[in-house]
Amino acid sequence: QVQLVQSGGGLVQPGGSLRLSCTASGSLWSITSLGWYRQVPGNPRELVAAVTSGGDTNYADSVRGRFTISRDNENTVDLQMNSLKPEDTAVYYCNAQTQIPGSPPSRWWGKGAQVTVSL
C-alpha cells in the first residue's frame, strides 16, 4: 500500500503561480510513477502531469509550458503551476501508480486540494 499526503493549493489570481507537493509513504519500492490529476464537478478526473521512476515526464496539452512536475527523491513529487488560468480551477489529486510482480497495477490517491483561479 501507498499513502499520499498533499499540501498546497488555494486561491490565486489569473497569471499567478501555485505549488503543490505530495509525499508518499508505504511500499515506495513498488511505485512506477507519481503524478497529478485534476477534476471539476461533472467531469472525469484527468491527467495533469506525471513522472515515471525513470524520470520520463508526461503533461496534458493544456498545461504544457506552464506547469512543471518534479520528483526530487523516490517519495516526493511537486507541481509548479505558473501562468494560471481560470480554466485550471479544479480539485487536484496526487496519484501514485504501483506494480508488484504477479499482481495487476494499482493506483493510489491523495485527498485532493482545491485550486481556484479567479479575480
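Rules used in this analysis
Residues numbered from 1 in each chain as written. Predicted model: local features only at pLDDT ≥ 70, side-chain atom pairs only at ≥ 80, totals over all residues. Heavy atoms only, no water. Helix = DSSP H or I, 4+ residues; strand = E, 2+ residues; numbered from the N terminus. Polar contact = N/O pair within 3.5 Å; in protein donor to acceptor, adjacent residues only side chain to side chain. Contact = heavy atoms within 4.5 Å. Phe/Tyr/Trp six-rings, centres within 6.5 Å; stacked < 30°, edge-to-face > 60°. Buried < 20%, exposed > 50% of the residue type's maximum accessible area, 1.4 Å probe, protein only. Lys NZ or Arg CZ within 6 Å of the ring centre and 35° of its normal.

Colleague: Whenever I open this one, the side chain of D78 confuses me. Can you help?
Modeller: Within the secondary structure, D78 sits in strand β8 (residues 76–81). Among the polar contacts made by the side chain of D78, one reaches the side chain of R19 at a distance of 3.1 Å. Not counting residues up to four positions away in its chain, the partners in contact with D78 are R19, L20, S21, C22, W36, T68, I69, S70 and D72.

Colleague: What's the story with the packing of aromatic side chains in this structure? I'm lost.
Modeller: When we look at a pair of aromatic rings, we describe it by the centre distance and by the angle of the planes. Enumeration over the complete set of coordinates arrives at two aromatic pairs. Between Y37 and W109 the ring centres are 5.1 Å apart and the planes differ by 80 degrees, which places this aromatic pair in the edge-to-face class. Taken together, the residues Y37 in strand β4 (residues 31–39) and W109 in strand β10 (residues 106–109) connect sequence positions 72 residues apart. Classification of Y37 as buried rests on a relative accessible area of 10%. Under the relative-accessibility criterion, W109 is labelled partly exposed at 33%. Judged by centre distance (6.4 Å) and plane angle (85 degrees), the ring pair of Y93 and W109 falls under edge-to-face. Of this pair, Y93 sits in strand β9 (residues 90–98) while W109 sits in strand β10; the two residues are 16 residues apart in sequence, bridging distant segments of the chain. Over the ring of Y93 we find R45, and its NZ or CZ is 3.7 Å from the ring centre. The ring of W109 carries the charged tip of R45 above its face, separated from the ring centre by 4.5 Å.

Such coordinate-based values are descriptive only and should not be taken to indicate function.
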